[in-house]
Amino acid sequence: MTTVERPGVELSARGIELVLPGGGVALSGIDVPTVGPGRVLGVAGGSGAGKTLLLEVLAGLRVPRGGRVSVRAAAVTGDTARAGAGEGEPLRYGFVPQDDIVHRALPLRTALEYAARLRGTDPGDVPLVLDELGLGEAAGQPVRTLSGGQRKRASIAIELLSRPQLLFLDEPTSGLDPLAGAQLTRYLARLAASGVTVVFTTHTPADLHHCDQVMFIAPNGRPGPSGTPAELARRSPDGTFEALYSMEMPREMPRETPGETPGETPSASEASPQEEPPEPAAARPRFSPATGQLRQWAVLTGRDLRLLRHDRLTAAITIGSPLVIIAMFALLFRPGVFDPGHPAPAASAMVLFWIAFGAFFFGLAYGLPQICGELAVVRRERRTVLRLWPYLLAKLTVLGPVLLLADALLLVVLRALDRLPSADLSVHASLFATTALASFAALALGLCCSALVSEPSQAALVLPLLCFPQVLFSGAFVPVPNMAAGGRWISVAMTNRWAFEALGSGAGLEELWRGGGAEGRTLLDSYGDSFGSPAWVGWVILAGCAVALLCAAWLVLRRRCPTSAHRLSTSDGGPVRP
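Right, let's walk through the structure included here. (Residues numbered from 1 in each chain as written. Predicted model: local features only at pLDDT ≥ 70, side-chain atom pairs only at ≥ 80, totals over all residues. Heavy atoms only, no water.)

Next up on the list: the pattern of salt bridges. By the definition in use, this model includes 7 salt bridges. As a salt-bridge pair, aspartate 304 and lysine 395 come within 3.5 Å of each other at their nearest N and O atoms. On the criterion of sequence distance, the pair formed by aspartate 304 in helix H9 (residues 293-310) and lysine 395 in helix H13 (residues 388-416) is long-range, its members being 91 residues apart. Residues aspartate 304 and lysine 395 agree in their burial class; the two are buried. (Salt bridge = Lys/Arg side-chain N within 4 Å of Asp/Glu carboxyl O. Helix = DSSP H or I, 4+ residues; strand = E, 2+ residues; numbered from the N terminus. Buried < 20%, exposed > 50% of the residue type's maximum accessible area, 1.4 Å probe, protein only.)

Written out as C-alpha cells, the structure is:
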C-alpha cells in the first residue's frame, strides 16, 4: 500500500504569562513541552491552578501578556486507504469545555447530524462516532435524558465530527465513573494514534497513565513538574502522581531510560500495548468544503425548527402566550371607542397603546430566551465554523412568522369585537405594518439582551426592566410634550413610543379627537404633534431600531464568542502566535 503524508499539528509554548482582567496573575512562566501528531499531553494541577486558562491560551481563546504559543504543521505518515483526500486541507482543531455543548431538547443523533451539516462534514459519520464513544444505544434519546457522563461524551462526539488535527479537552473525565473515565482516555489515545494531537486537563491521576507527556501546574499558576508518566512517577516522593500536585520542580525532567533519544517520548499506544483497535471514524480526514453563510442559515433554521418542535413546553408558551394576551385585551377594552358618533378619545388612545405594547411584548418575550440558553453551544460552534449573521437570521426566520401571525390575530380579533375603527383595508394594513415592525424591533432587543446575559434566569429578571421604561416613556400616560427634558430624551430610544405614534397616525386619532368635544380638544393640546407625522415615519424608525439592535447583538456575540487566534498552516514552520 502506498505511503503518503497528511497534515498534522505540533504544539508548544514558552514563558506563558497571563493576567486576568482584575489584575491578578493567573499563569506565570509556564512552558508547554512540544506535543505533535500521535501524542497526548495531560495537564494536571489543583483546583484554581489555571489549567483551564492555559488550555484557552493554547487554543487561541485568550491572549497571554507574555510568552508565545507555537502551532506548526507536522506531517503524519499513513497509507492512502486511511489518509483519504485530506492533503492541502486547512488544519482544524476542536475544543471541548466542561459545560454541556449539546442542545438538550434534541435527540442525540439529530443534534450530531445538525452539527455535522453545519461543519460541512458527512452526517453518515454520526453512527460511527456514537458507537466508538459507547453512545450507540442512546442515539434516539433526548439529550436531557442522558446521564452526565453520556452528555460529556456527546460533547466530545460533536467536536470529533470536525475531524480535528488538534483537540483540546477541559477535564473530559469529570463526572464519569472510573471505568468510563478509563475507556474515554483510552479512546483519546487511539484518536491520537491516528495522527491527532490531543491536549486535555484533568483532576484524575489515573488519566495521566494514558498520556505521552504530563505537565503539572503548581498552585497560583506557577510551573510544576513535567515529563513522561514514568519519569514523574520515579521523581515523586511516594511514587504516585498525587504527591506532585503542590510541587515545583524543573520544567524539563531528565531522562533516565537508556536508549531513548532526548526530546522523544513513546506514544501512549506504545507504552501500553493493546490489541490494535480500528481507527476512529472522526479522525478520517474526508473533508468537505466549508459551509457558506446561506447553507449555514438553512441548517440553523432547520435546527431551530426542530428545537421548537421537540421542546413542547417552549412551543406551548410560544403559541399560547399571544392567545392569552389577546383574550385579556378583548376583556379589557369596551367596544365602540372608535365610533365617530360616540367617540371616547382617552379610551381609544389606551387601546392603541396596549396594542403597541402587546406587539412589543410578543417580540421581547420570544427573543430573550433564545441565545442565553444555548450560549455554550454558540461558543463551541463559533470556534469552528459558525458565522454570526446566519445564526441571528435563523432566529428571525423561525420566530418571525409566529410574530406576524400573533400580530395579525390580535388585530383581527379586536376588529371583530369592535375594538378597532371601522375603516378601509389600507388603515388596517397600516396598523399591521406598525405592529409587525414593533414586534421585530422588540425581537432584536430581546436577542441583544439574551446575548448579554448568561442564563435564562437572568433573562427572566431582565424582562420587567425592559418593559417598564417602554410603558413610562411611550408618551401614552404622560404625553411627550409634558415630560421633563430627560424623559423626552429617553423616549426617543423607546420603540414603543414610535409604535404608539404610528398607530395613532394610522388610525386617525387626531380626526377622531376633534369630534370628541372638550375631552378631545384637551387631548389634542396635551399630545401636541405626536400623531401629526405620517405612519411611515414611525416605520422607518422602528426598522432602523431593529437593524441597529441586531447589529448590537452581533457585536455582543462576536465579543463573547471569539474565534481562535490561531491561523494554522499546512506548511512546515507555520505561523506562530506571539
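Here the narrative resumes, following the displayed structure.
The strands that make up a sheet are held in pairs by hydrogen bonds between backbone atoms, and each pair lies either parallel or antiparallel. Taken in spatial order, the 6 strands of this open sheet run S5-S6-S7-S3-S8-S9, and their pairing is mixed. Two strands in the sheet have a free side with no partner beyond their single neighbour: strand S5 (93-96) and strand S9 (222-227). Going from strand to strand, the sheet's axes swing by 15° on average, the running direction of each strand aside. Bridging between strand S3 (residues 40-45) and strand S8 (residues 213-218) involves 5 bridges; their strand directions are parallel. Across the sheet, residue alanine 44 finds its bridge partner in S8, namely phenylalanine 216. Most of the contacts of helix H6 (residues 178-193) go to strand S7 (residues 197-202), to which it runs at about 160°, and overall it touches S3, strand S6 (166-170) and S7. (Pairing = 2+ DSSP bridges. Axes fitted to C-alpha atoms, helices over the stretch in contact; angles between N-to-C directions. Contact = heavy atoms within 4.5 Å.)

On to the packing of helix H10 (residues 312-332) against helix H11 (residues 345-372). At a minimum axis separation of 11 Å, H10 and H11 run at an interaxial angle of 165°. Put simply, H10 runs roughly antiparallel to H11. Judged by the twist between their axes, the crossing of H10 over H11 is right-handed. Of the residues in H11, those in contact with Thr318, Ser321, Pro322, Ile325 and Phe329 of H10 are Trp354, Ile355, Gly358, Phe361, Phe362 and Tyr366. In terms of residue class, the contact of H10 with H11 is built from 8 nonpolar, 3 polar and no charged. (Parallel < 35°, antiparallel > 145°, perpendicular 65-115°, else oblique. Left-handed = near helix turned anticlockwise from the far one by under 90°. Nonpolar A, V, L, I, M, F, W, Y, C, P; charged D, E, K, R; others polar.)

With 29 residues, H13 extends 42 Å from end C-alpha to end C-alpha; this agrees with the ideal 42 Å at 1.5 Å per step. A maximum bend of about 35° is found in H13 at leucine 399, where proline proline 401 lies one to four positions downstream. Two residues or fewer after H13 comes aspartate 418, characterised by a positive phi angle close to 65°. (Expected span 1.5 Å × (residues − 1). Bend = angle between axes of the 7 residues up to and from the residue.)

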